[in-house]
Amino acid sequence: MDRQFDVVIIGAGPAGLTAAIYATRANLSAAVVEEGAPGGKLVKTYEIENYPGIKKIAGVDLAIELMEHGLSFGAQLESGTVTAVEDDGENKIVRLADGRSLKARAVIVATGTKERELDLPEAQRFTGRGISYCAVCDGAFYRNQDVVVIGGGNSALEESLYLTSLVNKVYIVIRRDQFRAEASVVDKVLANDKIEIIYKHLPESLIIEDDKITGIMLKSVEDGSLRKVACSGIFPYIGADASTSFLDKSLLDERGYLLVNSDMSTSHPGIYGAGDVCQKDLRQVVTATNDGAIAANSVIKYLQKH
Ligand SMILES: Cc1cc2nc3c(=O)[nH]c(=O)nc-3n(C[C@H](O)[C@H](O)[C@H](O)COP(=O)(O)OP(=O)(O)OC[C@H]3O[C@@H](n4cnc5c(N)ncnc54)[C@H](O)[C@@H]3O)c2cc1C
């Protein structure tokens, strides 16, 4: 028999864990389903300097604090990947990849985003051995070597700064002639003499020798000329896509993000969204936790009415 909860929260990142705090403190029974490590993207983040009240904290430490706090009022953590959310008229049925399913009167989708992968021949084969989407997880493998970071947003620059504590040199490759990141982070990057910025270039191909990545070929967006950069590691931070493949397309915008109202409700009664998975302008820990609190509060009101 499917286990029954008042609310099933999908995703144990900052949004889902905050929703768990608010739901369980209001005496709702809650399950939080997570396919990876609780804490979400925080686990892959070196340092957080902009979460109010905490001047600086390692991403993984904030993840642990949030997980302990999120589960401390009785929410149950369920390990698994959600593959579908159905509605039988009375309950939502949350289906998991391993065949289990959970029943709930309401669902909060807090599945965040997934990093976009480098679209070059052989890139998939070298993921985990030359190409990494997590500097915090894999940076140490490239100690005293040269690496390339691709991208000009906050994540790319913050992780480049982290990598400079380990590697010999970081090349940052960006398509434009300026960054999209916060000014304070850009200033730190520009002042760091271990970083060289390669403006107005795009990745063209991997350079592979003896079945190892030894460099990357870049192409100028201005004149199409090629430039070879020797490196042993490549860290692409080239954007992310919403993790919404298990949801009905009618709930999503054209880019796949979950459409929500100001109370975090979707167009399907009893299904709510929170965090990076939603259509929004600013994807940060503070906005994810904000959404999680509002979504749980809306679920409380919804369950009182139904
Ligand atoms: C490198 C990097 C640096 C960053 N630096 C900062 C910073 O300095 N300050 C800041 O405020 N923000 C920063 N961010 C952004 C911040 O991490 C995110 O905005 C925040 O984690 C979003 O929280 P979330 O709960 O919405 O999603 P996530 O943290 O992405 O959590 C979503 C969770 O859902 C799980 N999930 C997904 N699909 C399923 C499924 N089908 N079934 C079960 N589980 C699923 C995932 O495994 C994940 O654990 C950074 C992000 C990155 C990548």
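Residues numbered from 1 in each chain as written. Predicted model: local features only at pLDDT ≥ 70, side-chain atom pairs only at ≥ 80, totals over all residues.

1. Let's talk about the site of the ligand
What counts, and what does not: We call a residue near a molecule or strand when its C-beta atom, built from the backbone, sits within 6 Å of it. Put simply, DSSP H or I for four residues or longer makes a helix, DSSP E for two residues or longer makes a strand, and each gets a number counted from the N terminus. Residue polarity follows a fixed list, in which Ala, Val, Leu, Ile, Met, Phe, Trp, Tyr, Cys and Pro are nonpolar, Asp, Glu, Lys and Arg are charged, and the others, Gly among them, are polar. The split into domains, and so the bounds of each, comes from an automatic or database assignment of domains.
In the region of the ligand, 37 residues are neighbours, and Gly-11, Gly-13, Gly-40, Gly-112 and Gly-275 sit closest. Of all elements in the fold, only α1 (14-25), β2 (30-34), α4 (154-163) and α6 (285-305) reach the threshold of two or more residues within the shell around the ligand. Broken down by class, the residue content of the shell around the ligand amounts to 14 nonpolar, 15 polar and eight charged. Looking at the shell around the ligand, you find at least three residues from each of domain 1 (3-114 + 240-305) and domain 2 (117-236).

2. Quick look at the packing of α1 against α6
Put simply, the rule is: Only the contacting stretch of a helix is used when fitting its axis, a line to C-alpha atoms as for every element, and angles between N-to-C directions run 0 to 180 degrees. If you view the pair so one helix is near and one far, a crossing is left-handed when the near helix is turned anticlockwise from the far one by less than a right angle, and right-handed when it is turned clockwise. By definition, residue pairs are in contact when their C-beta atoms, positioned from the backbone, come within 7 Å.
Axis separation between α1 and α6 bottoms out at 7 Å; the angle between their running directions is 35°. α1 and α6 meet at a crossing whose hand is right-handed. On α6, the residues that touch Pro-14, Ala-15, Gly-16, Thr-18, Ala-19, Tyr-22 and Ala-23 of α1 are Val-285, Ala-288, Thr-289, Asp-291, Gly-292, Ala-293, Ala-295, Ala-296, Asn-297 and Val-299. Grouping the amino acids of the contact of α1 with α6 by side-chain chemistry returns 11 nonpolar, five polar and one charged.

3. Observations regarding the sheet that holds strand β13 (residues 201-209)
We count it as follows: In this scheme, strands are said to pair when DSSP sees at least two bridges between them.
The strand order across the open sheet formed by three strands is β13-β14-β15, and the pairing between neighbours is antiparallel. Of all the strands in the sheet, just β13 and β15 (226-230) have a single pairing partner and so form its edges. In this sheet, neighbouring strand axes are inclined to one another by 30° on average, regardless of whether the strands run parallel or antiparallel. Pairing between strand β14 (residues 212-220) and β15: five bridges, direction antiparallel. The residue of β15 that forms the bridge with Met-217 is Lys-228.

4. What to know about helix α2 (residues 59-71)
So the rule is basically this: Expected span, for any helix, means 1.5 Å times one less than how many residues it has. A residue is called partly exposed when the number of other C-beta atoms within 10 Å of its own lies between 12 and 20, exposed at 12 or fewer, and buried at 20 or more, with C-beta atoms placed from the backbone. Our arc is simply the arc of the directions from the helix axis toward the C-beta atoms.
Taking 1.5 Å of rise per residue, 13 residues should cover 18 Å, and α2 covers 18 Å from first to last C-alpha, within 8% of that figure. Here α2 has its buried residues at Gly-59, Leu-62, Ala-63, Leu-66, Met-67 and Gly-70. The buried residues of α2 occupy an angular sector of 135° when the element is viewed end-on, so they sit on one face. Next to the buried residues of α2 lie α1, β2, β3 (47-48), β4 (57-58) and α3 (135-138).

5. Here's the deal with the packing of α4 against helix α5 (residues 183-191)
Keep this limit in mind: Under this scheme an angle from 65 to 115 degrees is roughly perpendicular, one under 35 degrees roughly parallel, and one over 145 degrees roughly antiparallel; angles in between are oblique.
Contact geometry of α4 with α5 gives a least axis separation of 10 Å together with a crossing angle of 40°. In terms of their interaxial angle, α4 and α5 are classed as oblique. Regarding α4 and α5, the two cross each other, and that crossing is left-handed. Contacts between α4 and α5 pair Asn-154, Leu-157, Glu-158, Ser-160 and Leu-161 from the former with Val-185, Val-186, Lys-188 and Val-189 from the latter. A class-by-class count of the residues in the contact of α4 with α5 yields five nonpolar, two polar and two charged.

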